[in-house]
Amino acid sequence: MTELSSPSQRFGARLQRPSSSASLQARVMEQETRTLAEAFERVAADGSVAAAAATVVAARRRFVSGTGKSFAYASLLAADLSAGLSKVTLVDGTLVRHLDVLADVRDTDVLVAVSLRRYRRETVALAGRFAAAGGTVVAVTDTADSPLTAVAAQSIVVPTASASYADSPTAVAAVVHLLATLTTASAKGARRRLAERDRLAHDLDLYWEE
């Protein structure tokens, strides 16, 4: 997927011509709605999210990674998974470095790697080495031709078509949410873990509640 691969190219192609704010807003909203619908239709048809959820549940340790903008989606997924599952680790490159993870990969480990165009090398390299070491890689990406799919045991392909200079985040966030939901719903002990987190949050007075 090289066509309009950079934000600057997309800006020139999509936003350079004069347009009112109302017109631009309508175009963006219409395209986001279509992209989200396409994403849900695709994952419902191919079963990729359900299959990935089963893989994540079955793992002994779950690692989640993404670099650049994809780190936001990885963080969202890790946060939601860790609420209901144990041994969920966000590979942030600082507190948990790629080297630390790769030095101790087991065949019961799974890595959910998020990488969208223009595909950061760090994530692709981590996924490739993780798979080579015997771990299972689940890719969340935007095309079947993504370099991540070549090393992944399972791939969730999410469309990101947009009327903006930025590829759409809407469907990616929605599919990540769906993956976390299906995984947690089938995880043993998820209900107990969620209840215990609620109790601790209350005891620690973490949230503003009326």
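Here, the structure is the one placed above.
Everything numeric in this text was worked out from a predicted model, so none of it was measured.

Participant: Would you mind showing me how to read helix 7 (residues 170-185) here?
Facilitator: The α-helix winds at 3.6 residues per turn, so residues separated by three or four positions along the chain end up facing the same way. Taking 1.5 Å of rise per residue, 16 residues should cover 22 Å, and helix 7 covers 23 Å from first to last C-alpha, within 8% of that figure. Buried residues of helix 7: Ala 171, Val 172, Ala 174, Val 175, Val 176, Leu 179, Ala 180, Thr 183 and Thr 184, and no others.

Participant: Looking at this model, I keep getting lost on the sheet that holds strand 4 (residues 136-141). Mind explaining?
Facilitator: Whether parallel or antiparallel, the strands of a sheet pair through hydrogen bonds between backbone atoms. Here 5 strands make up an open sheet; going across it, the order is 2-1-3-4-5 and the pairing parallel. Of all strands in the sheet, those bounded by a partner on one side alone are strand 2 (88-91) and strand 5 (154-157). Shown here is a sheet whose adjacent strand axes are inclined to one another by a mean of 15 degrees, direction ignored. As paired strands, strand 1 (residues 61-66) and strand 2 are joined by 4 bridges and run parallel to one another. Opposite Ser 65, over in strand 2, you have Val 91 as the bridge partner. Its contacts with the sheet put helix 3 (residues 48-58) on strand 1, strand 3 (109-114), strand 4 and strand 5, and the angle it makes with strand 5 is roughly 135 degrees. On top of the sheet, helix 6 (residues 121-132) reaches strand 1, strand 2, strand 3 and strand 4; it is set at about 160 degrees to strand 3, its chief contact.

Participant: Explain helix 2 (residues 21-46) here, please?
Facilitator: Counted at 1.5 Å a residue, the expected span for helix 2 with its 26 residues is 38 Å, and the 37 Å between its end C-alpha atoms agrees. Inspection of helix 2 places Gln 31, Glu 32, Thr 35, Ala 39 and Val 43 among the buried residues, and these make up the whole buried set. For helix 2, the elements touching its buried residues are helix 3, strand 5 and helix 7. Of the residues one or two after helix 2, Gly 47 is the one with positive phi, at around 70 degrees.

Participant: It is not clear to me how the packing of aromatic side chains should be interpreted in this structure. Could you clarify?
Facilitator: Two numbers describe a pair of aromatic rings. These are the distance of the centres and the angle of the planes. Throughout the structure, instances matching the rule amount to 1 aromatic pair. Look at Phe 63 and Phe 130: their rings are 6.1 Å apart centre to centre, the planes differ by 70 degrees, and that puts the pair in the edge-to-face class. Taken together, the residues span a long stretch of sequence, with Phe 63 in strand 1 and Phe 130 in helix 6 at a distance of 67 residues.

Criteria and cut-off values
- Residues numbered from 1 in each chain as written.
- Predicted model: local features only at pLDDT ≥ 70, side-chain atom pairs only at ≥ 80, totals over all residues.
- Heavy atoms only, no water.
- Helix = DSSP H or I, 4+ residues; strand = E, 2+ residues; numbered from the N terminus.
- Expected span 1.5 Å × (residues − 1).
- Buried < 20%, exposed > 50% of the residue type's maximum accessible area, 1.4 Å probe, protein only.
- Pairing = 2+ DSSP bridges.
- Axes fitted to C-alpha atoms, helices over the stretch in contact; angles between N-to-C directions.
- Contact = heavy atoms within 4.5 Å.
- Phe/Tyr/Trp six-rings, centres within 6.5 Å; stacked < 30°, edge-to-face > 60°.

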